[in-house]
Amino acid sequence: MPKRRDIIAIVLIVLPWTLLISVWHQSNITSVLAAQKGNTISSRSDSRALKESLSLQNRDSVHVVQTEYVYIRPPPWSETLPTLHIITPTYSRPVQKAELTRLANTLLHVTNLHWIVVEDSQRRTALVSRFLQETGLNFTHLNVETPLNYKTRGESRNTRVPRGTLQRNLALRWLRETYPVNFSKPGVVYFADDDNTYSLQLFEEMRSTKKVSVWPVAFVGGLRYESPKINALGKVYGWKTVFDPHRPFAIDMAGFAVNLSLILTKPQAYFKLRGVKGGYQESSLLKELVTLSELEPKASNCTKVLVWHTRTEKPVLVNEGKKGFTDSTVEI
Amino acid sequence: MAKKYNIMSILLIMLPWLLLISVWQQSNITSVIFSQKVMARKDYVYRRPPPWSKTLPTLHIITPTYSRTVQKADLTRLANTLLHVPNLHWIVVEDSKNRTVLVSRFLQETGLKYTHLNVETPSNFKPKGETTSRKIPRGTLQRNLALQWLRETYPVNFSQPGVVYFADDDNTYSLQLFEEMRYTKKVSVWPVALVGGIRYETPKINALGKVYGFKTKFDPTRPFAIDMAGFAVNLSLILSKPQANFQLQGVKGGYQESSLLKELVTLSELEPKASNCTKVLVWHTRTEKPSLVREGKKGFTDLNVEI
């Protein structure tokens, strides 16, 4: 006949041990869950799911914040960082896949990046479609063909549409059709040609753009670099360039970024198609968006070069001959 | 007897309660017990390069480089590619008398694991009677110095597996290429785009998966009609054959790679990669020389600003 005292004793022993074991079990599970992701190298970012499931808010729950250093490409999406919408016009030529490859290898390091690739073609090509899918990047694939240039009687020479213009404008239109004017998620738009060279730091500089930010660009205008001129108040007052420094915005396509909200709230702002003098394309867009004094200098007040206007040599394919030597089904 | 029993039972009761109380004092156990979950939020901070792995062979990537306007740009985009590759050791060899500040600073800032060397190619000269073959192809001294460094740094029977690859700073490399070369036993080979005046050059592979020739227009009967970017060598082969270097002089155009490879392997020992040499994973791109005509004689831009 068990005495009451014995029962009480047993309960007093069993209860705390049960509590201890269940608490230990709980904390072990969360740390195991946490350790699973993040230490693995995977080519797809699926850590987003884990993050969301653990961020449930509950008044009675204990929140533990752990910092985990992960290599995942592309990097995990962040809820707080503005998205960088990178617009890249591209066209078919022997070095196209090479250019896109090394540009993608750069972009794959950048958090919250949305790559808008616009082909100059009648249809989206298999090469670019397949390529974009395989990168794992967050992308949008568009296309618009630039009509062949011709000079009819009476037309001036300025009827030529600069390369990439139609494609960049299509991307701007896509942004305006996709996002509402009062879109809540912050974003920055940048035009990145597929043959330029970009440092990783550049993308972090442009992320804080409020309206239009600017910085130096190497290898343009026949100089080592072109740069905005910054006064003592940290404002742009001119352009340090030899070629036509009195343009409204004497800056290269790779030298500025625009806040997405500015693009959305000024739907009439596009790159001018025709009648644009050489070097005035950037001005044709920027004058619709900002004034000189509103420009935000980046890259240590425009004293550092973080982007280079490189160009790739056209490869010699003379030994292909008329009939072709290599197998054309092998993609390069 | 009953007393001992009582003491024991008191201890057994006290112990877990004491443990509970001390654990509760360390953290908010009460909320753990009474709430639904412990919410652990992770802040993912992206790190590059990838963490080092104890099991993957190391890729020793040898890049000769020289000062010119586009040097920093080319190194930047190459580094952006290499920063995705696990277990990568970048050996950068400058063609210079001294290691330059530009390259030193650049390498430090990438975060890559690197070794920074330098050796100057003496300016070419043709004394009377000498043939034109005195000219040393660009990059040769630098690549040989890197091979020498490997042999001086690692013992002949070095246990950690490695692969050596020559990556020029203006080529374009896919990330997949590095994984193809990682398991090279002796020398592995694959196609290279934009060389030899054709879309790509490639080894010819027979039904047994062996290399039997080279599909190229330019001098296909070379011992190894392959570009510098088209092969990788197991580190142990480099270490165990210390006499194998790129020949310095008297090398006909296009024979540089052969001058090294003939000391290392025979044709049949070559290991084809990239789906039996049917895929292109590396392009021999070249960067245009930029026009700096508007700098003029005195220079327009600030030379203190590094490009």
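Residues numbered from 1 in each chain as written. Chains lettered and ligands numbered in written order. Predicted model: local features only at pLDDT ≥ 70, side-chain atom pairs only at ≥ 80, totals over all residues. Heavy atoms only, no water.

Turning our eyes to something else, we now look at a nonpolar patch on the surface. Side chains of A:Trp17, A:Ile21, A:Trp24, B:Leu15 and B:Leu19 sit close together on the surface and give an oily, nonpolar patch of about 500 Å² of accessible area. For the nonpolar patch, the secondary-structure elements that each account for two or more residues are α1 (4–36) of chain A together with α1 (2–26) of chain B. When residues in the nonpolar patch are grouped by element, the largest group, three residues, is from α1(A). Locating A:Ile21 in the fold gives a position in helix α1. (Patch = residues over 30% accessible without salt bridge, like charges linked within 9 Å, V, L, I, M, F, W, Y side chains within 5 Å. Areas by Shrake-Rupley, 256 points an atom, 1.4 Å probe, with all protein chains shown as cover. Salt bridge = Lys/Arg side-chain N within 4 Å of Asp/Glu carboxyl O. Helix = DSSP H or I, 4+ residues; strand = E, 2+ residues; numbered from the N terminus.)

The next point concerns the packing of helix α3 (residues 71–82) of chain B against helix α4 (residues 101–110) of chain B. Residues and elements named next belong to chain B. Two numbers describe how α3 lies on α4: the axes approach to 11 Å, and their chain directions differ by 20 degrees. When the interaxial angle is binned, α3 and α4 end up roughly parallel. Handedness of the crossing formed by α3 with α4: right-handed. On the side of α3, the interface is formed by Gln71, Lys72, Leu75, Thr76 and Ala79, while α4 contributes Leu102, Val103, Phe106 and Thr110. For the contact of α3 with α4, the residue count by class is five nonpolar, three polar and one charged. (Axes fitted to C-alpha atoms, helices over the stretch in contact; angles between N-to-C directions. Parallel < 35°, antiparallel > 145°, perpendicular 65-115°, else oblique. Left-handed = near helix turned anticlockwise from the far one by under 90°. Contact = heavy atoms within 4.5 Å. Nonpolar A, V, L, I, M, F, W, Y, C, P; charged D, E, K, R; others polar.)

Here the focus is the pattern of salt bridges. Enumeration according to the criterion identifies 23 salt bridges over all chains in this entry. For the salt bridge of A:Glu99 with A:Arg93, the shortest nitrogen-to-oxygen distance reads 4.0 Å. Residues A:Glu99 and A:Arg93 agree in their burial class; the two are buried. When the shortest N-O distance is used, the salt bridge between B:Arg143 and B:Asp168 registers 3.0 Å. Highlighted residues: B:Arg143 in helix α5 (residues 140–153) and B:Asp168 in the loop between β5 (162–166) and β6 (172–173), separated in sequence by 25 residues. For B:Asp168, a relative accessible area of 18% puts it in the buried group. (Buried < 20%, exposed > 50% of the residue type's maximum accessible area, 1.4 Å probe, protein only.)

The biggest cluster of nonpolar side chains holds 64 residues, and the ones touching the most others in it are A:Trp115, A:Tyr190, B:Trp90 and B:Tyr165. Residues in contact with A:Tyr190, not counting those within four places in the same chain, are A:His85, A:Ile86, A:Ile87, A:Tyr198, A:Leu202, A:Met206, A:Trp215, A:Met253, A:Ala254, A:Phe256, A:Ala257 and A:Val307. (Core = buried A, V, L, I, M, F, W, Y, C linked by side-chain atoms within 4.5 Å.)

Residues and elements named next belong to chain B. Spatially, β4-β3-β2-β5-β11-β7-β12 is the arrangement adopted by the seven strands of the open sheet, whose pairing is mixed. Looking at strand neighbours, the two that pair on one side only are β4 (113–118) and β12 (271–272), the edges of this open sheet. Of the strand pairs in this sheet, β5 and strand β11 (residues 231–234) are connected by three bridges, and their pairing is antiparallel. In the sheet register, Val164 faces β11, and the bridge partner there is Val233. Against the sheet, α3 touches β2 (58–65) and β3 (88–94), its axis set at about 165 degrees to β3. Each of β2, β3, β4 and β5 touches α5; the most contacted strand, β3, lies at about 130 degrees to it. (Pairing = 2+ DSSP bridges.)

This paragraph deals with the confidence of the model for chain B. One rule of thumb: low pLDDT means the predicted coordinates there are not for detailed reading. Residue and element names in this part refer to chain B. On average, chain B scores 91 in pLDDT, and the residues at 70 or more come to 92%. Counted against residues more than four places away or in other chains, residues 125–130, with its pLDDT under 50, gives two contacts. This prediction of the complex comes with two scores: 0.84 for pTM and 0.86 for ipTM. (pLDDT = per-residue confidence, 0-100.)

Right, let's talk about the packing of aromatic side chains for a bit. The final tally for this structure, using the stated rule, is 17 aromatic pairs over all chains. When the centroid spacing of 6.0 Å and the interplanar angle of 85 degrees are considered together, the rings of B:Tyr165 and B:Tyr173 count as edge-to-face. Comparing B:Tyr165 with B:Tyr173 shows no difference in burial state: the two are buried. Taken together, the ring pairs in this structure connect A:Tyr190, A:Tyr198, A:Phe203 and A:Trp215 into an aromatic cluster. It is A:Arg163 that lies over the ring of A:Tyr91; its NZ or CZ is 3.7 Å from the centre. It is A:Lys240 that lies over the ring of B:Phe300; its NZ or CZ is 4.4 Å from the centre. (Phe/Tyr/Trp six-rings, centres within 6.5 Å; stacked < 30°, edge-to-face > 60°. Lys NZ or Arg CZ within 6 Å of the ring centre and 35° of its normal.)

Taking 1.5 Å of rise per residue, 14 residues should cover 20 Å, and helix α5 (residues 165–178) of chain A covers 20 Å from first to last C-alpha, within 8% of that figure. Inspection of α5(A) places A:Thr165, A:Gln167, A:Arg168, A:Asn169, A:Leu170, A:Ala171, A:Leu172, A:Leu175 and A:Arg176 among the buried residues, and these make up the whole buried set. (Expected span 1.5 Å × (residues − 1).)

The next thing to look at is the sheet that holds strand β11 (residues 256–259) of chain A. Residue and element names in this part refer to chain A. Reading across the sheet, the seven strands line up as β4-β3-β2-β5-β11-β7-β12 and stay open at both edges, with mixed pairing between neighbours. On the outer flanks of this sheet lie β4 (138–143) and β12 (296–297), each paired with one strand and no other. Here three bridges tie strand β5 (residues 187–191) to β11, and the two strands are oriented antiparallel to one another. In the strand pairing of β11, Val188 is matched with Asn259. Against the sheet, α5 contacts β2 (83–90), β3 (113–119), β4 and β5, and its axis sits at roughly 130 degrees relative to β3.

On to the interface of chain B and chain A. In this assembly, 78 residues from chain B lie in contact with 85 residues from chain A. Here chain B and chain A share an interface that buries about 8100 Å² over both sides, 64% of which is from carbon and sulfur atoms. Contact with chain A buries surface across chain B, with B:Met39, B:Tyr44 and B:Arg199 losing the most and accounting together for 11% of the total. For A:Glu313, the salt bridge goes to B:Arg286, with nearest N and O atoms at 3.0 Å. (Buried area = accessible area lost by both parts, 1.4 Å probe.)

Side-chain positions along a regular strand alternate between the two faces of the sheet. Residues and elements named next belong to chain B. Among the five residues of β5, five are classified as buried, and the element is accordingly described as predominantly covered. A two-sided burial pattern is seen for β5, the buried positions comprising Gly162, Val164 and Phe166 on one face and Val163 and Tyr165 on the other. Looking at chain direction, β2 and β5 are connected through five bridges and run parallel. Note that in β5 the partner of Leu59 across the bridge is Val163.

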